[in-house]
Amino acid sequence: MDPVRNPYAPGAGQRPPELAGRGKQLDAFDIVLERIARGRPERSVMLTGLRGVGKTVLLNQLRSAAVSRDWGTGKIEARPDQELRRPLSSALHMAARAIAKTHHNQERVDDFLGILKAFALRATADKGMRERWQPGIDVPAVTGRADSGDIEIDLVELLMEAAALAQDIGAGIAVFIDEMQDLGPADISAICGACHELSQDAAPLIVVGAGLPHLPAVLSASKSYSERLFSYHRIDRLDRVSADRALIAPAEREDVKFSDEALTALYRKADGYPYFVQAYGKATWDQAPGSPITAEDVEVAAPTAEEELAVGFFGSRYERATPAEREYMRAMADLSGDEGPVATSAVAVELGRKPASLSPARDGLIKKGLIYSAERGTIGFTVPHFGRYLRSVAT
């Protein structure tokens, strides 16, 4: 098969040629947008799932849906070492610029930008002159709104002002936050508080977050009412029909077919995880001599896909761990035969250590995004089949 025509695209956040199996989430978001357009109160949205299930791809698709309705949008990727104020300022600046194109009152737009600038400047207000950040907003800062220095107070004021700006023209604003579990406690609390105010006022502004499976627990630890504040969508592996569709539809556009046996073999290899579907699909296409692609082609190509996953998807993450953290993960892998979460006490028994002595390794892995706390006293891998990978490599 011609590799230039290969339609499959394994990549971090890269949209697959066929976004299969996500119709339910897309339809639900369309309802959210329509309800807000009609002045109805609606909850912000949270997408959760393991790495490789397509959360970022779906997040980007939801953003496209908002843009198609002439909403102002902005997107950020949270990082553990960065406070929310600075990246959120940039995202809202982008959203405001989109709104400004059709807003009838430039003075009103400038007033909001002045409030946004005051909010942004608080990000480095305590720094020396050389370290202070300038947000690139060409209007004077407006004092007295969203600039108290308390992120929870300021964020409520800022987002309410942003919502009012969008409401002027019958539009809305959507802020998209990827890797949301990496936000600090104060920022999480501020977002929950702001979303609470926005939903109570039926304001046309929503936050759409994506994060690892423990994101709901992170939100709940901040505000007890967060369980009712957001609409949660668990993004999981694709079912057989959707996985087949993700492979068949792009191939048909290139006049290529798969045998039923090939599709069965590919589903067994990829286990329905979208990233793996693309990886095995790409390798199989490159190895197959022609159409239809057969089960034998899948078996020949599988080692190539597995080698690429071992280096780029699994290995790159494993290399980030310290020796103590690797030991902790290998113990998890030995215990999680079905890849599910395991008890932290069981890991301690497996290693012959006291649980308290393993806390630094566990906490380090959580901060690096390699494991997550599924619930109190349990731990799981953030990457599907990571336990299988660890059991396959030499200790």
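Residues numbered from 1 in each chain as written. Predicted model: local features only at pLDDT ≥ 70, side-chain atom pairs only at ≥ 80, totals over all residues. Heavy atoms only, no water.

Right, let's talk about the overall build of the chain for a bit. The helix and strand tally for the chain stands at 16 helices and eight strands. Taken over C-alpha atoms, the radius of gyration comes to 23 Å for the chain, in line with the 21 Å a tight globule of 395 residues would show. Principal-axis analysis of the C-alpha atoms places the extent of the chain at approximately 65 × 60 × 40 Å. The buried share among the 395 residues of the chain stands at 50%. In the chain, the proportion of contacts linking residues at least 24 apart, taken out of those at least 6 apart, comes to 75%. By element, 48% of the accessible surface of the chain is carried by carbon and sulfur atoms, the whole surface being about 18,200 Å². When the 48 basic and 55 acidic side-chain charges of the chain are each reduced to a single mean position, those positions are 3 Å apart. (Helix = DSSP H or I, 4+ residues; strand = E, 2+ residues; numbered from the N terminus. Rg over C-alpha atoms; globule rule 2.2 N^0.38 Å. Buried < 20%, exposed > 50% of the residue type's maximum accessible area, 1.4 Å probe, protein only. Contact = heavy atoms within 4.5 Å. Areas by Shrake-Rupley, 256 points an atom, 1.4 Å probe, with all protein chains shown as cover. Lys, Arg positive; Asp, Glu negative; His and termini not counted. Charge placed at Lys NZ, Arg CZ, Asp CG, Glu CD.)

Within the open sheet, the three strands sit side by side as β6-β8-β7. Their pairing is antiparallel. On the outer flanks of this sheet lie β6 (342-343) and β7 (371-372), each paired with one strand and no other. By the bridge criterion, two bridges tie β6 to strand β8 (residues 378-381) in an arrangement that is antiparallel. In the strand pairing of β8, A343 is matched with T378. (Pairing = 2+ DSSP bridges.)

Now for the packing of helix α13 (residues 323-335) against helix α15 (residues 359-367). The contact between α13 and α15 brings their axes to 9 Å, and the two run at 90°. Accordingly, the angle class assigned to the pair α13 and α15 is roughly perpendicular. Residues A324, E325, Y328 and M329 of α13 pack against A361, R362, G364 and L365 of α15. A per-class count over the contact of α13 with α15 returns five nonpolar, one polar and two charged. (Axes fitted to C-alpha atoms, helices over the stretch in contact; angles between N-to-C directions. Parallel < 35°, antiparallel > 145°, perpendicular 65-115°, else oblique. Nonpolar A, V, L, I, M, F, W, Y, C, P; charged D, E, K, R; others polar.)

The next point concerns helix α10 (residues 260-270). Among the residues making up α10, those that are buried are A262, L263, A265, L266 and A270. Buried positions in α10, seen along its axis, are confined to an arc of 160° and lie on one side of it. Within α10, the exposed residues directed more than 90 degrees away from the buried face are D260, E261 and R268. Tucked into the core, α10 has its buried residues touching α9 (240-252), α11 (274-287) and α12 (295-318). (Arc of directions from axis to C-beta.)

Our focus in this paragraph is the pattern of salt bridges. Per the counting criterion, the structure on display carries 23 salt bridges. Between E319 and R326 there is a salt bridge, with its nearest N and O atoms 3.5 Å apart. On the basis of relative accessible area, E319 is assigned to the exposed category, the value being 55%. Overlapping salt bridges, with partners in common, bring together E18, R245 and R253 in one network. (Salt bridge = Lys/Arg side-chain N within 4 Å of Asp/Glu carboxyl O.)

In this section: the nonpolar core. Membership of the largest hydrophobic core comes to 73 residues, with the highest contact counts inside it found for F29, F258, F276, Y328, M329 and F386. If you tally residues by element for this core, the top one is α12, at eight residues. Apart from residues no more than four positions distant in its own chain, F29 is found in contact with V45, L62, A65, A66, F176, I206 and V208. Core analysis: the second largest hydrophobic core is formed by 49 residues, V139, V156, A203 and L219 among them. (Core = buried A, V, L, I, M, F, W, Y, C linked by side-chain atoms within 4.5 Å.)

With that settled, the discussion passes to helix α2 (residues 55-68). Relative to the 20 Å expected for 14 residues at 1.5 Å per residue, α2 spans 20 Å between its end C-alpha atoms, a close match to the ideal helical length. Those residues of α2 lying buried are K55, V57, L58, L59, L62, A65 and A66. Where α2 is buried, its residues touch α1 (23-37), β1 (44-48), β2 (72-77), β3 (173-178) and β4 (205-211). With its phi angle positive at about 65°, D70 sits one or two positions after the end of α2. (Expected span 1.5 Å × (residues − 1).)

What follows deals with the environment of A343. Along the polypeptide, A343 turns up in strand β6. Residues A343 and I188, spaced 155 residues apart in sequence, show a C-alpha to C-alpha distance of 27 Å. Discounting chain neighbours no more than four positions away, the residues touching A343 are G377 and T378.

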